[in-house]
Amino acid sequence: QVQLVESGGGLVQAGGSLRLSCAASGSIFRINAMGWYRQAPGKRRELVATATSGGTTNYADSVKGRFTISRDNAKNTVYLQMDSLKPEDTAVYYCNADLSTWAVAGSRDYWGQGTQVTVSS
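The following refers to the structure shown. Computed from a predicted structure; not experimentally measured.

Right, let's get into the overall build of the protein. Secondary structure assignment for the protein yields zero helices and 11 strands. Relative to the globule expectation of 14 Å for 121 residues, the C-alpha radius of gyration of the protein, 14 Å, shows essentially globular dimensions. When its C-alpha atoms are laid out on the principal axes, the protein stretches across 45 × 25 × 20 Å. Taking contacts inside the protein between residues at least 6 apart in sequence as the whole, the part at least 24 apart equals 56%. Positive and negative charge centroids in the protein, built from 12 and 9 side chains respectively, lie 2 Å apart.

Here it is, written out as structure tokens:
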């Protein structure tokens, strides 16, 4: 089965930086896109950034200019470089992948377990 494992979360002060990583493993045939979502306490999960295998990226307006998403297709890994962090960035960050496997036709979404990012003021 497919697993997405995130790393890199933690506690930082406002203005600081973190780099999140997410590695996909398992019986993967093709990853079409990977991305990051986040969910703060009492809030709905929201899109942060996405990246296709070809390098096309998309960002939420709230993080444009501060966050950078990138892919290493050979390693089935996606990164999120977060700079100029703000307290409102505090949330659990979830890795997402739209991928197909050898076992099942078509593609579907898979989710990581989440990693906590806390930004203090």
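With that settled, consider the side chain of Thr101. Inspection of the secondary structure puts Thr101 in strand S9 (residues 91–101). Given the relative accessible area of 13%, Thr101 is considered buried. A distance of 3.3 Å separates the side chain of Thr101 from the backbone nitrogen of Ala103, its partner in a polar contact. A distance of 3.3 Å separates a polar side-chain atom of Thr101 from the backbone nitrogen of Val104. Apart from the residues within four sequence positions on either side, Thr101 is in contact with Val2, Ser27, Ile28, Phe29, Gly106 and Tyr110.

Looking now at the pattern of salt bridges. The full count for this structure, using the stated rule, is four salt bridges. Note that Glu46 and Arg38 form a salt bridge whose closest N and O atoms lie 2.8 Å from each other. Take Arg38: its relative accessible area is 6%, and that puts it in the buried class. Here the residues in one salt-bridge network are Arg38, Glu46, Arg66 and Asp89, joined through shared partners.

Across the sheet, four strands lie side by side as S1-S3-S8-S7; this open sheet has antiparallel pairing. Both outer strands of the open sheet, strand S1 (3–7) and strand S7 (67–72), are each paired with one neighbouring strand and no more. Neighbour to neighbour, the strand axes of the sheet diverge by 15 degrees on average, direction disregarded. By the bridge criterion, five bridges tie S1 to strand S3 (residues 18–25) in an arrangement that is antiparallel. Of the residues in S3, the one forming a bridge with Leu4 is Ala24.

Now for unusual backbone geometry. In this structure, Asn76 takes a positive phi of about 50 degrees despite not being glycine. On the basis of relative accessible area, Asn76 is assigned to the partly exposed category, the value being 24%.

Glancing now at the environment of Thr118. Examined against the element boundaries, Thr118 turns out to sit in strand S11 (residues 115–120). Exposure remark for Thr118: the relative accessible area of 27% places this residue in the partly exposed category. Excluding its chain neighbours within four sequence positions, the residues that come into contact with Thr118 are Gly10, Leu11, Val12 and Thr90. Among the polar contacts made by the side chain of Thr118, one reaches the side chain of Gln116 at a distance of 3.2 Å.

Calculation criteria
- Residues numbered from 1 in each chain as written.
- Predicted model: local features only at pLDDT ≥ 70, side-chain atom pairs only at ≥ 80, totals over all residues.
- Heavy atoms only, no water.
- Helix = DSSP H or I, 4+ residues; strand = E, 2+ residues; numbered from the N terminus.
- Rg over C-alpha atoms; globule rule 2.2 N^0.38 Å.
- Contact = heavy atoms within 4.5 Å.
- Lys, Arg positive; Asp, Glu negative; His and termini not counted.
- Charge placed at Lys NZ, Arg CZ, Asp CG, Glu CD.
- Buried < 20%, exposed > 50% of the residue type's maximum accessible area, 1.4 Å probe, protein only.
- Polar contact = N/O pair within 3.5 Å; in protein donor to acceptor, adjacent residues only side chain to side chain.
- Salt bridge = Lys/Arg side-chain N within 4 Å of Asp/Glu carboxyl O.
- Pairing = 2+ DSSP bridges.
- Axes fitted to C-alpha atoms, helices over the stretch in contact; angles between N-to-C directions.

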